[in-house]
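A closer look at the structure
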Amino acid sequence: MAVKKYLVFNGTMTTESDLHVGASPDGDKIGGCDNPILRNKLTGEPFIPGSSLKGVMRFLKETTPAYKDKVSNGEPCSCGQPNCIVCKMFGSHKNKKPNSGLPRLIVSDLTINKKFKERLIASGMSPSDIVDIRTSNKVTRNPAIESRGLRNMEVISAGTVFDCSFKLRVQDTDNETELVNALKSLVTAVEVNSGIGSKLTSGCGKVKFDINYDKPETYTI
């Protein structure tokens, strides 16, 4: 199997609720946050790692009924079969000689959209203003013990627009339509069935994608 071309699907992702993708805690610092978000160390701007989004996509696919017998003990699928869309899209976990070939899906880090940033600046704001802090109280179930301990968490505000990019590595044995349809279904699953980041059951992480699947950038090898 050899790679014959790359298809690149660019678009945007808008947060429809607050979103938290965590970094190392800085709560030991004076005024530090218990649960900070990831930021670019040079610009200080929030970003979302492509690995976070790709991991959600793989999990959603592997928890469908079709994969209930292929995934066990929390380990990702490692069958490496040529007809396994999980191994084809994401790679065969710990399988050094898979028949599925190279992972087809490459997900870039999501960074703040340029036009969205320009609108922020025009309104007198900056990218740092899209970050808010949620505070919650730790509740003790034992009524004899007083509940105590505030926790704070940085979140990216709803309405923030990120650029996103998905690249498909098409091999000479691949059905190109199958790969594109798999990407579409995975993106939809993130929107409808999950979200991104933590605190999903507390209302965080809901997102909406806007991607043009009809006119991808094409690079022939």
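Rules used in this analysis
- Residues numbered from 1 in each chain as written.
- Predicted model: local features only at pLDDT ≥ 70, side-chain atom pairs only at ≥ 80, totals over all residues.
- Heavy atoms only, no water.
- Helix = DSSP H or I, 4+ residues; strand = E, 2+ residues; numbered from the N terminus.
- Core = buried A, V, L, I, M, F, W, Y, C linked by side-chain atoms within 4.5 Å.
- Buried < 20%, exposed > 50% of the residue type's maximum accessible area, 1.4 Å probe, protein only.
- Salt bridge = Lys/Arg side-chain N within 4 Å of Asp/Glu carboxyl O.

Here the focus is unusual backbone geometry. Phi is mostly negative for residues that are not glycine, and the peptide bonds are mostly trans. The backbone of Lys94 shows a phi angle near 60°, a positive value even though the residue is not glycine. Here Lys94 is to be found in the loop between α2 (85-90) and β3 (105-107). You will see that Lys199, though not glycine, has its phi angle at about 60°, which is positive. Within the secondary structure, Lys199 is located in the loop between α4 (176-193) and β8 (207-211).

As a further point, take the nonpolar core. If you look at the biggest cluster of nonpolar residues, it comprises 47 residues, and the most contacted ones within it are Met89, Phe166 and Phe209. Per element, the largest residue contribution to this core is eight residues, and it comes from α4.

On to the pattern of salt bridges. Per the stated rule, a full pass over the model turns up nine salt bridges. We note a salt bridge from Glu176 to Lys5, for which the minimum N-O separation is 2.7 Å. With Glu176 in helix α4 and Lys5 in strand β1 (residues 3-15), this pair connects stretches of sequence that are 171 residues apart. Owing to a relative accessible area of 28%, Glu176 belongs among the partly exposed residues under this scheme. Notably, a salt bridge pairs Arg134 with Asp18, separated by 3.3 Å at the nearest N-O pair. Here Arg134, found in strand β5 (residues 131-137), pairs with Asp18, found in the loop between β1 and β2 (47-48); they are 116 residues apart in sequence, far enough to count as distant.

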